[in-house]
Amino acid sequence: MGFPLGVSASPIVCKAIASSSSSNPHALDASYIQRAAVIADKSAGFTSPHPNFGCVIVTPAGKVAGEGYLYAQGTKPAEVQAVEAAGRDLCKGATAYLNMEPGDCYGDRTAVSALIQAGINRVVVGIRHPLQHLRGNAIRALRSEELQVDVLGEDLQSKTIEGAMKSCLLVNAPLLYRAASRVPFSSLKYAMTLDGKIAASSGHASWISSKMSRSRVFELRGRSDAVIVGGNTVRMDNPRLTARHGGGHLPMRIVMSQTLNLPDVAHLWDVADVPTVVATQRGARKSFQKFLASKGVEVVEFDILNPKDVMEYLYDRGYLSIFWECGGTLAASAISSGVIHKVYAFVAPKIIGGKNAPSPVGELGMVEMTQALELIDVCYEQIGPDMLISGFLQPVPDLTPVIPSVEETSAIDPTVTPYESSIIFFYKTWDPYGAFSNFSPHAIQMTDESGNYLSWPSVEHYYQAHKFWGVNNAEARNCAEAIRSAKSPEEAARMGRTMQRQHPDLVRYDWESVKIDVMYRALKCKFSVYPHLNSMLLSTAGCVLVEASPHDLFWGGGREGEGLNYLGRLLMQLRSEFLGDSSTPDNNPITHQEIEMS
């Protein structure tokens, strides 16, 4: 079941006209919800992956008093920002409009508490949270405090409300697809001539579309977590796959190649600014794999390389949005696998001809026009001389079906108990134990070399900055301070990793031997000063904690358990210390050797 979108791809304009409320009592509610969706979209791509939250606070007199949007996971919630912008006086008796129900991944109810303590009287929610373990929690919490909560499509129903609800679905479409399909949201983009060719018979393809269209592509890339191409695109076009006109976010580049018949020299092998992953079939050209590894390119082997398995792998990595810019053969395979959700087709007013000139989508096995795939909610937009046609291959899931919880299942089948699992996985902030992540928004205070306390926005800020801490070099000191001031843990991580990759000479000489201790100290501070986090950690007693990153073989557990899981082990050590186990002294963090031996 799905919810088709009938809204334009262009920004939604909020028209809060008081006179319209006489003819449509829901007009104002719809306009303010649409405004919340618009501002929620402001951070899309820059610190992805994360849900997009927006909040608009409106006084009883109909005045917008405050707005806010979540910049990234690990930063101040939209609701807190909106309350601060409005001020306590204007919040009294006001209405808060949220494009999506708040998601408390950390156990501290910050967003909900901000609305309650500010004296908000009514909350209008665009859609419930799509993740099962968060769905409905904030709504129940607000209602338990006697706030009026209206959910679009449930408490408020009309054609106007339906349009506003679609806006909320659209702004978080990647998260909705990911929750329903267990694969990232994937968009296929191609540029073709009027006669349906993506290159001449010779293979030459620069440039089919206009400069304005190419700028739009940069923007779309910048809203994605990763860009995928096939080996033929690398051989023929030697692309960079950057988002140089699309903002600060640079998506990861992914190359799918079964044989690794790829050139030794390619722009994608330069990972100074943007990482590259090559997905291939197990055993393919081991010597070339070593060559790529020497360049800093990550190689991931699959038993059989296909789009479905690659998408499941990227789902494990926590990605929300993937942008496909591949040739016709790989595009057809991806569509046939059911992993493509949206299509962006740039049509240029050019004719190239050629019997053997490639088309944007290869063989799909269809023999009758009645089998053709039709796009849903098609949008048309002229960009310079070109026409952009976009639409969904699959409707946005409405997520109405509710998967029974473990407790509910246990009541039906007593053999399934909530306590039988001995392994707890955590990774991204939307996991039930997302607070265990070093990216969670819990500030810590740590002493510097002079014994003075410094405040750090998160454990990740502290960890990344300490790669350059104490180095007698002005650039290293500036880098550490810049990381400490980063807007989000994602930005801190990106800055630290990039600087370490580009300027290894600025990294402290003893980093490899001290980084476990650096992380340990920061984690210990975090779980010592936040009682609810300490309780959450202690509640896992008897369970193995695994940081479930499939690609981080140092801090994570790896894809098939080949990782060292240092982060999980440090948390288990801290848990043991907090429980009073004297076998693991507080002042003796685990070492590389101890972990490798265990």
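Residues numbered from 1 in each chain as written. Predicted model: local features only at pLDDT ≥ 70, side-chain atom pairs only at ≥ 80, totals over all residues. Heavy atoms only, no water.

- Identification of the chain as 5-amino-6-(5-phosphoribosylamino)uracil reductase from Rhododendron griersonianum is taken from an unreviewed UniProt entry.
- What UniProt states about the chain under its Pathway (unreviewed entry) heading is, verbatim, "Cofactor biosynthesis; riboflavin biosynthesis; 5-amino-6-(D-ribitylamino)uracil from GTP: step 3/4." (UniProt positions renumbered as here; feature names shortened; annotations may be inferred.)

**Topic: the packing of helix α4 (residues 110-118) against helix α5 (residues 137-144)**
- Where α4 contacts α5, the axes come no closer than 10 Å and their chain directions differ by 25°. In terms of axis orientation, α4 runs roughly parallel to α5. Between α4 and α5 the crossing geometry is right-handed. Residue-level contacts link Val112, Leu115 and Ile116 of α4 to Ala138, Ala141 and Leu142 of α5. (Axes fitted to C-alpha atoms, helices over the stretch in contact; angles between N-to-C directions. Helix = DSSP H or I, 4+ residues; strand = E, 2+ residues; numbered from the N terminus. Parallel < 35°, antiparallel > 145°, perpendicular 65-115°, else oblique. Left-handed = near helix turned anticlockwise from the far one by under 90°. Contact = heavy atoms within 4.5 Å.)

**Some thoughts on empty space enclosed by the protein**
- Considering all chains together, one arrives at one cavity of 30 Å³ or more under this definition.
- The volume enclosed by the largest cavity comes to roughly 40 Å³.
- Contributing to the lining of the largest cavity are Ile254, Val277, Ala279, Val300, Phe302, Val310, Tyr313 and Leu314.
- Residue assignment for the lining of the largest cavity shows that the elements contributing at least two residues are β10 (276-281), β11 (298-302) and α11 (307-316).
- Among the elements that take part in the lining of the largest cavity, α11 stands out by supplying three residues, more than any other.
- When grouped by side-chain class, the residues that make up the lining of the largest cavity number eight nonpolar, no polar and no charged. (1 Å grid on protein atoms, 1.4 Å probe; cavity = no way out; pocket = protein on both sides within 12 Å on 5 of 7 lines; lining within 4 Å. Points joined across faces, edges and corners; volume = space filled by probe spheres on them. Nonpolar A, V, L, I, M, F, W, Y, C, P; charged D, E, K, R; others polar.)

**A closer look at the sheet that holds strand β5 (residues 122-127)**
- In space, the five strands of this open sheet follow the order β3-β2-β4-β5-β6, with mixed pairing throughout. A strand with exactly one partner marks an edge of an open sheet, and here the two such strands are β3 (64-69) and β6 (148-151). Each strand of the sheet is rotated relative to its neighbour by a mean of 15°, with strand direction disregarded.
- Contacts between helix α2 (residues 78-86) and the sheet are confined to β2 (54-58), β3 and β4 (95-100), with β3 contributing the most and set at about 150° to the helix. (Pairing = 2+ DSSP bridges.)

**Observations regarding the confidence of the model for the chain**
- Here the chain averages 87 in pLDDT, and 88% of its residues register 70 or above.
- Across residues 582-587 the pLDDT falls below 50, and counting only partners more than four positions away or on other chains, this stretch makes nine contacts in the model.
- Across residues 591-598, confidence stays below pLDDT 50; counting only partners more than four residues off in sequence or on other chains, it has 13 contacts. (pLDDT = per-residue confidence, 0-100.)

**A short note on helix α7 (residues 173-181)**
- Among all positions of α7, only Ala173, Leu175, Leu176, Tyr177 and Arg178 are buried.
- Remark: Arg182 follows α7 within two positions and exhibits a positive phi of approximately 60°. (Buried < 20%, exposed > 50% of the residue type's maximum accessible area, 1.4 Å probe, protein only.)

**Digging into the sheet that holds β11**
- One open sheet holds the nine strands; their spatial order is β11-β10-β9-β8-β12-β7-β13-β15-β14, and the pairing between them is mixed. In this open sheet, the two edge strands, each paired with only one partner strand, are β11 and β14 (376-383). In this sheet, adjacent strand axes meet at a mean angle of 20° when their direction is disregarded.
- Here strand β9 (residues 252-256) runs beside β10; their pairing, made up of four bridges, is parallel. Within β10, the position partnered with Met256 by the bridge is Ala279.

**Regarding the packing of α2 against α4**
- Between α2 and α4, the shortest axis-to-axis distance is 7 Å and the interhelical angle comes to 25°. Taken together, the axis directions place α2 and α4 in an arrangement best described as roughly parallel. The interaxial crossing formed by α2 with α4 has left-handed handedness. Across from Glu79, Val80 and Val83 in α2, the residues of α4 making contact are Thr110, Ala111, Ala114, Leu115 and Ala118.
- Here the residues of the contact of α2 with α4 sort into six nonpolar, one polar and one charged.

**Considering the pattern of salt bridges**
- The tally for this structure, following the rule as stated, stands at 21 salt bridges.
- The partner of Arg221 in a salt bridge is Glu325, with the nearest N and O atoms 2.5 Å apart. With Arg221 in helix α8 (residues 211-222) and Glu325 in the loop between β12 (321-324) and α12 (328-336), this residue pair connects regions lying 104 residues apart in the sequence.
- Across the salt bridge formed by Glu301 and Arg282, the nearest N and O atoms sit 4.0 Å from each other. (Salt bridge = Lys/Arg side-chain N within 4 Å of Asp/Glu carboxyl O.)

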